[in-house]
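Secondary and tertiary structure notes
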Amino acid sequence: MTFFDDELKKGNFQICFCRDCNITYSSYRESCIKCLKKTDRKKSVQKGKIIEFSRRNNDFFGIIEIENGIRLMGSIIPLEKQPEIGQKVKMSVSFDKKPNYSFTVENNQ
Ligand SMILES: [Zn+2]
């Protein structure tokens, strides 16, 4: 179990970055690819917006962009009948053999 997975289990998404090189990693890395130093981590605010989505039966899935331009895939829980591109969402995370991300549309249009 990595630090990242452990944090997901607690409901926290950790953003991995290098302060010196000003690089944000879209997935978890122990060390920076450029300077090879141990990466810095910060807890995400877990808010984002819908970039694109598709429908499977009555469920929606899509790509969400959170802070630092990080894009994640997961299920989308719409406010009404269907989500819309650009809507703001709140991210929930968990870990069960693999990371699970779900995004609830916020009522803030
Ligand atoms: Zn670096």
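Residues numbered from 1 in each chain as written. Predicted model: local features only at pLDDT ≥ 70, side-chain atom pairs only at ≥ 80, totals over all residues.

1. Details of the nonpolar core
Residues Ile 50, Phe 53, Ile 64, Ile 66, Leu 72, Ile 76, Val 89, Phe 103 and Val 105 constitute the largest nonpolar core, which totals nine residues. Counting only elements with at least two residues in this core, the list comes to strand S4 (47–56), strand S5 (59–66), strand S6 (71–77) and strand S8 (98–105). If we skip the residues at most four places from it in the chain, Ile 64 touches Gly 48, Lys 49, Ile 50, Ile 51, Arg 71, Leu 72, Gly 74, Val 89, Met 91 and Phe 103. (Core = buried A, V, L, I, M, F, W, Y, C linked by C-beta atoms within 7 Å. Buried ≥ 20, exposed ≤ 12 C-beta atoms within 10 Å, placed from the backbone. Helix = DSSP H or I, 4+ residues; strand = E, 2+ residues; numbered from the N terminus. Contact = placed C-beta atoms within 7 Å.)

2. What about the pairing of strand S1 (residues 14–18)?
Where S1 meets strand S3 (residues 40–43), four bridges bridge the pair, whose relative direction is antiparallel. In the strand pairing of S3, Cys 16 is matched with Arg 41. By the bridge criterion, three bridges tie S1 to strand S2 (residues 23–25) in an arrangement that is antiparallel. Bridge assignment links Cys 18 to a residue of S2, and that residue is Ile 23. Counting the residues that bridge the hairpin from S1 to S2 gives four residues, and of these Asn 22 lies at a positive phi of roughly 60°. (Pairing = 2+ DSSP bridges.)

3. Some details on the sheet that holds S6
Strand order in this closed barrel of five strands is S4-S5-S6-S8-S7, and the pairing throughout is mixed. Direction aside, neighbouring strands of the sheet carry axes that sit 45° apart on average. Bridge count between S4 and S5: eight bridges; the pairing is antiparallel. Residue pairing across strands places Ile 50 opposite Ile 64, the latter belonging to S5. (Axes fitted to C-alpha atoms, helices over the stretch in contact; angles between N-to-C directions.)

4. A word on the domain arrangement of the protein
When the parts come together, some accessible area is lost, and that loss is often what is quoted as the size of the interface. Assigned domains of the protein: these are domain 1 (3–43) and domain 2 (47–105). Relative placement of domain 1 and domain 2: their C-alpha centres are 21 Å apart. Taken together, the contacts link eight residues of domain 1 with 10 residues of domain 2. With three residues, the top contributor of residues to the side of domain 1 that touches domain 2 is helix H1 (residues 3–9). Split by residue class, the side of domain 1 that touches domain 2 holds three nonpolar, three polar and two charged. (Domains from an automatic or database assignment. Nonpolar A, V, L, I, M, F, W, Y, C, P; charged D, E, K, R; others polar.)

5. So, the environment of Ser 94
When you line up the elements, Ser 94 lands in strand S7 (residues 88–96). When the C-alpha atoms of Ser 94 and Asp 5 are compared, they prove to be 8.4 Å apart, with 89 residues separating the residues in sequence. Apart from the residues within four sequence positions on either side, Ser 94 is in contact with Leu 8, Lys 9, Gly 11 and Asn 100.

6. Quick look at unusual backbone geometry
Here Leu 36, not a glycine, exhibits a phi torsion of approximately 65°, which is positive. Looking at the element boundaries, Leu 36 is found in the loop between S2 and S3. Taking the number of C-beta atoms within 10 Å as the measure of exposure, Leu 36 has 8 and is therefore exposed. Unlike most non-glycine residues, Asn 57 shows phi in positive territory, near 55°.

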